[in-house]
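Chain by chain, the residues:
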Amino acid sequence: MELKMNTADIRWWFWLVTLAFIFAALAGWGPGYQVVIGMSALQVAFFLAQEKSLTAFPVQIRIVYFAFTLLGLWPGVRTVIYVILLLGTIMVTFFGRCSIALVLKHMPWNRGREVRLN
């Protein structure tokens, strides 16, 4: 797997900042969870403004990611959800691989569409 970091792209920085706060939250800094949720909501808004469609593939990815962050509000599964988000966010931040995108591209509403992360 090849390391892919595009530091000139603001979208890459969204992921890096989100990753940093996931680490902080899992390390015990409670407000980190709210920051991750906020960063995820910001990404949804940013991509929605950029793509102008809720069905645009990059927007779908951010909506699913945001939903996972909200699922983490449930204390019983918070750690499991955020460890999964941690691993996925590491993959997208440093390797350009997104497991959410891999699943979404197989959904019936995405057949015949351009599939892209950004």
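Residues numbered from 1 in each chain as written. Predicted model: local features only at pLDDT ≥ 70, side-chain atom pairs only at ≥ 80, totals over all residues. Heavy atoms only, no water.

Chemist: Looking at this model, I keep getting lost on the overall build of the protein chain. Mind explaining?
Modeler: Tallying secondary structure elements over the protein chain gives five helices and zero strands in all. Tracing the protein chain from N to C terminus, the helices and strands come up as α-α-α-α-α. Its C-alpha atoms give the protein chain a radius of gyration of 14 Å, near enough to 13 Å, the size a compact globule of 118 residues would have. In terms of overall dimensions, the protein chain has a C-alpha envelope of 45 × 30 × 25 Å along the principal axes. Scored against the burial criterion, the 118 residues of the protein chain give a buried share of 35%. For the protein chain, the centre of its 10 positive side-chain charges and the centre of its 4 negative side-chain charges are spaced 8 Å apart. (Helix = DSSP H or I, 4+ residues; strand = E, 2+ residues; numbered from the N terminus. Rg over C-alpha atoms; globule rule 2.2 N^0.38 Å. Buried < 20%, exposed > 50% of the residue type's maximum accessible area, 1.4 Å probe, protein only. Lys, Arg positive; Asp, Glu negative; His and termini not counted. Charge placed at Lys NZ, Arg CZ, Asp CG, Glu CD.)

Chemist: How do you make sense of unusual backbone geometry when you look at a structure like this?
Modeler: Phi is mostly negative for residues that are not glycine, and the peptide bonds are mostly trans. Of note in this structure, Lys 52 is not a glycine but carries a positive phi near 60°. Structurally, Lys 52 can be placed in the loop between helix 2 (31-51) and helix 3 (57-71). Overall, Lys 52 belongs to the exposed group, its relative accessible area being 69%.

Chemist: I would appreciate a short explanation of helix 1 (residues 10-26) in the present structure.
Modeler: Given 3.6 residues per turn, any residue in an α-helix points the same way as the ones three and four places further on. Between its terminal C-alpha atoms helix 1 stretches 24 Å, which fits the 24 Å expected from 17 residues at 1.5 Å a residue. In this structure, the buried residues of helix 1 make contact with helix 2, helix 3 and helix 4 (78-95). Phi turns positive one or two residues past the end of helix 1, at Gly 28, with a value near 120°. (Expected span 1.5 Å × (residues − 1). Contact = heavy atoms within 4.5 Å.)

Chemist: How do you make sense of the packing of helix 3 against helix 4 when you look at a structure like this?
Modeler: Helices that pack against each other are described as a pair by the angle of their axes relative to one another and the distance between those axes. In contact at an axis separation of 9 Å, helix 3 and helix 4 are set at 150° when each is read in the N-to-C sense. Comparing their axes, helix 4 and helix 3 come out roughly antiparallel. Of the two elements, helix 3 crosses helix 4, and the hand of that crossing is left-handed. On helix 4, the residues that touch Tyr 65, Phe 68, Thr 69 and Leu 71 of helix 3 are Ile 81, Tyr 82, Leu 85 and Thr 89. Of the residues contributing to the contact of helix 3 with helix 4, the split by class is six nonpolar, two polar and no charged. (Axes fitted to C-alpha atoms, helices over the stretch in contact; angles between N-to-C directions. Parallel < 35°, antiparallel > 145°, perpendicular 65-115°, else oblique. Left-handed = near helix turned anticlockwise from the far one by under 90°. Nonpolar A, V, L, I, M, F, W, Y, C, P; charged D, E, K, R; others polar.)

Chemist: Which parts of the structure should I look at to understand the confidence of the model for the protein chain?
Modeler: Residues shown with low pLDDT carry predicted positions that ought not to be read at fine detail. Across the protein chain, the average pLDDT comes to 93, with 97% of residues at 70 or higher. Looking across the protein chain, the model is least confident in helix 5 (residues 99-104), with a mean pLDDT of 92, and most confident in helix 2, with 97. (pLDDT = per-residue confidence, 0-100.)

Chemist: Would you explain the packing of helix 1 against helix 2 in this entry?
Modeler: The interhelical angle for the contact between helix 1 and helix 2, taken along N-to-C directions, is 165°, at an axis separation of 8 Å. In this view, helix 1 runs roughly antiparallel relative to helix 2, as classed from their interaxial angle. The hand of the helix 1/helix 2 crossing is left-handed. Note on element contacts: helix 2 touches helix 1 through Gly 32, Tyr 33, Val 35, Val 36, Met 39, Leu 42, Gln 43, Phe 46, Phe 47 and Gln 50, opposite Ile 10, Arg 11, Phe 14, Trp 15, Val 17, Thr 18, Phe 21, Ile 22, Ala 25 and Leu 26. Classifying every residue of the contact of helix 1 with helix 2 by side-chain character gives 15 nonpolar, four polar and one charged.

Chemist: Could you clarify how one ought to interpret the side chain of Thr 89 in this entry?
Modeler: Residue placement: Thr 89 occurs in helix 4. A distance of 2.5 Å separates a polar atom in the side chain of Thr 89 from a polar atom in the side chain of Tyr 65. Aside from chain neighbours lying at most four places away, what touches Thr 89 is Trp 15, Leu 19, Ile 22 and Tyr 65. (Polar contact = N/O pair within 3.5 Å; in protein donor to acceptor, adjacent residues only side chain to side chain.)

Chemist: Please explain the nonpolar core as it appears in this structure.
Modeler: Generally speaking, soluble globular proteins have nonpolar side chains that are buried together. By size, the foremost hydrophobic cluster in this structure holds 19 residues, and its most contacted members are Ile 22, Ile 61, Tyr 65, Tyr 82, Leu 85, Cys 98 and Ile 100. Sorting the residues of this core by element identifies helix 1, helix 2, helix 3, helix 4 and helix 5 as the ones contributing at least two each. Residue contributions to this core peak at five residues, all from helix 4. Residues within four places of Ile 22 in sequence aside, it is in contact with Val 36, Tyr 65, Tyr 82, Leu 85, Leu 86 and Thr 89. (Core = buried A, V, L, I, M, F, W, Y, C linked by side-chain atoms within 4.5 Å.)

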